[in-house]
Amino acid sequence: MKRVIMIDPGHGAETPGKRSPDGTLREYEFNRNVARRLVKKLQTSGFDARLTVNDDTDMPLIQRTNQARDVKRQGYDVLLVSIHANAAGEGWSTANGIETYTNDQAEKLAQIIQSRLIAETGLRDRGVKRADLHITRESARYGIPGVLCELGFMTNKDECTLLKTDAYREKCAAAIAKAICEHYGVPFKTSTESPQQAQKPVDKVSIAINLSVPGYLRDGVSWLPIRAVTEAVGGKVEWCATTKQVRVNGKDLTETIEGGVSYAPARELATALGLQVEWDANNKMVTLKGVL
Ligand SMILES: [Zn+2]
């Protein structure tokens, strides 16, 4: 079964409170920063990782868990991980450390995440906990493993300083990504690998022009099956024996062959067909638009 890891950056820019007592650290900004790093790392390791919220809006909790539910209903195995920074009381206080909340479905993973976070950051271990939180409770209702990480206290002076650093955010994202890889038995990969190795994990993308055929996403370029797409929109595919290349409507295309099927970059193929390309990064979906 294909798996989707949904990363939820808790709260939005407009959520009341949710900041350090001196106002220099906003929780939504920390959450989003860590969440984006985490999504990138998971994608590098070959996961289909998606953010529940792409911008700074405060998406209601119900919409966040409904998104996870909807992806599950599309036939995916879903994991939901929500990223937060903790707070205790109104002003500065001594409460400190990291804690991870879990539902029944995520117990094992939550233990791995928590111990990796402690090992990576050296902060105090507040343990894996249960609480009646929307994210863990509602995901459990749909049989989805749900985890909520509280990555240190904004209300603790030392931790607040730490939470503002890139180095700390990177450690948190790395710890959680490594834990997810370990849990699913997937090797953790970093983006410093050679380009050829980095090329290997290919994500499937769907194209929506009244047919649903898989394409590929590689190095930020989506590749679409030339013949299936061209024929679906009534274009003409030719094989040029001299150049040993496929031509669409008389235009040569950059071509790659995967499993006996010829693929071309979405943009090139669309241009040859006189169509426009829209890319939905969240759903890894290419839409070709135009007058046929
Ligand atoms: Zn929070």
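A quick note: this is a predicted structure, and the numbers were derived from the prediction, not measured.

> Before we move on, can you summarise the overall build of the chain with the specific residues and values?
On a plain count of helices and strands, the chain comes out with nine helices and 16 strands. Projecting the C-alpha coordinates of the chain onto the three principal axes gives extents of approximately 75 × 35 × 35 Å. Taking contacts inside the chain between residues at least 6 apart in sequence as the whole, the part at least 24 apart equals 67%. Accessible surface, the chain as shown: approximately 14,200 Å² in total, 48% of it carbon and sulfur.

> Got a sec to walk through the domain arrangement of the chain? Specific residues and values, please.
Under the domain assignment used here, the chain contains domain 1 (3-184) and domain 2 (201-291). The C-alpha centroid of domain 2 is placed 37 Å from the C-alpha centroid of domain 1. Between domain 1 and domain 2, the contact holds nine residues from the first and five residues from the second. The interface formed by domain 1 and domain 2 holds zero salt bridges in total. Our count for the contact surface shared by domain 1 and domain 2 stands at zero residue pairs in polar contact (both at pLDDT 80 or more). Put simply, the parts of the chain that give the side of domain 1 that touches domain 2 at least two residues each are helix 1 (27-44) and strand 2 (48-51). Here the element with the most residues in the side of domain 1 that touches domain 2 is strand 2; it accounts for four residues. Looking at the side of domain 1 that touches domain 2 residue by residue, the class counts come to three nonpolar, four polar and two charged.

> Give a description of the nonpolar core that names residues and reports values.
Residues Ile7, Leu42, Ile83, Leu117, Leu151, Ile176 and Ile180 are the most contacted members of the largest nonpolar core, which totals 40 residues. Counting residues per element, the ones that place at least two in this core are strand 1 (3-9), helix 1, strand 2, strand 3 (77-86), helix 3 (107-121), strand 6 (146-153), helix 5 (157-163) and helix 6 (166-184). Of all the elements, helix 6 adds the most residues to this core, at nine residues. Discounting chain neighbours no more than four positions away, the residues touching Leu117 are Ile98, Thr100, Gly122, Cys149, Leu151, Cys172, Ala175 and Ile176.

> Explain the sheet that holds strand 4 (residues 98-102) residue by residue, including any values.
For sheets, the rule is that strands pair by backbone hydrogen bonds, running either parallel or antiparallel. The strand order across the open sheet built from six strands is 2-1-3-6-4-5, with neighbouring strands paired in mixed fashion. Single-partner strands in this sheet number two, and they are strand 2 and strand 5 (125-129). Averaged over neighbouring strand pairs, the angle between their axes works out to 15° when direction is ignored. The pairing of strand 4 with strand 5 spans three bridges and is classified as parallel. If you follow Tyr101 over to strand 5, its bridge partner there is Lys129. Of the strands in this sheet, strand 1, strand 3, strand 4 and strand 6 touch helix 4 (residues 134-141), which is tilted by about 170° from strand 6.

> Before we move on, can you summarise the environment of Ser222 with the specific residues and values?
Turning to its location among the elements, Ser222 is positioned in strand 9 (residues 221-225). For Ser222, a relative accessible area of 10% corresponds to the buried category. The spatial distance from the C-alpha of Ser222 to the C-alpha of Asp8 is 25 Å, given a sequence separation of 214 residues.

Analysis parameters
Residues numbered from 1 in each chain as written. Predicted model: local features only at pLDDT ≥ 70, side-chain atom pairs only at ≥ 80, totals over all residues. Heavy atoms only, no water. Helix = DSSP H or I, 4+ residues; strand = E, 2+ residues; numbered from the N terminus. Contact = heavy atoms within 4.5 Å. Areas by Shrake-Rupley, 256 points an atom, 1.4 Å probe, with all protein chains shown as cover. Domains from an automatic or database assignment. Salt bridge = Lys/Arg side-chain N within 4 Å of Asp/Glu carboxyl O. Polar contact = N/O pair within 3.5 Å; in protein donor to acceptor, adjacent residues only side chain to side chain. Nonpolar A, V, L, I, M, F, W, Y, C, P; charged D, E, K, R; others polar. Core = buried A, V, L, I, M, F, W, Y, C linked by side-chain atoms within 4.5 Å. Buried < 20%, exposed > 50% of the residue type's maximum accessible area, 1.4 Å probe, protein only. Pairing = 2+ DSSP bridges. Axes fitted to C-alpha atoms, helices over the stretch in contact; angles between N-to-C directions.

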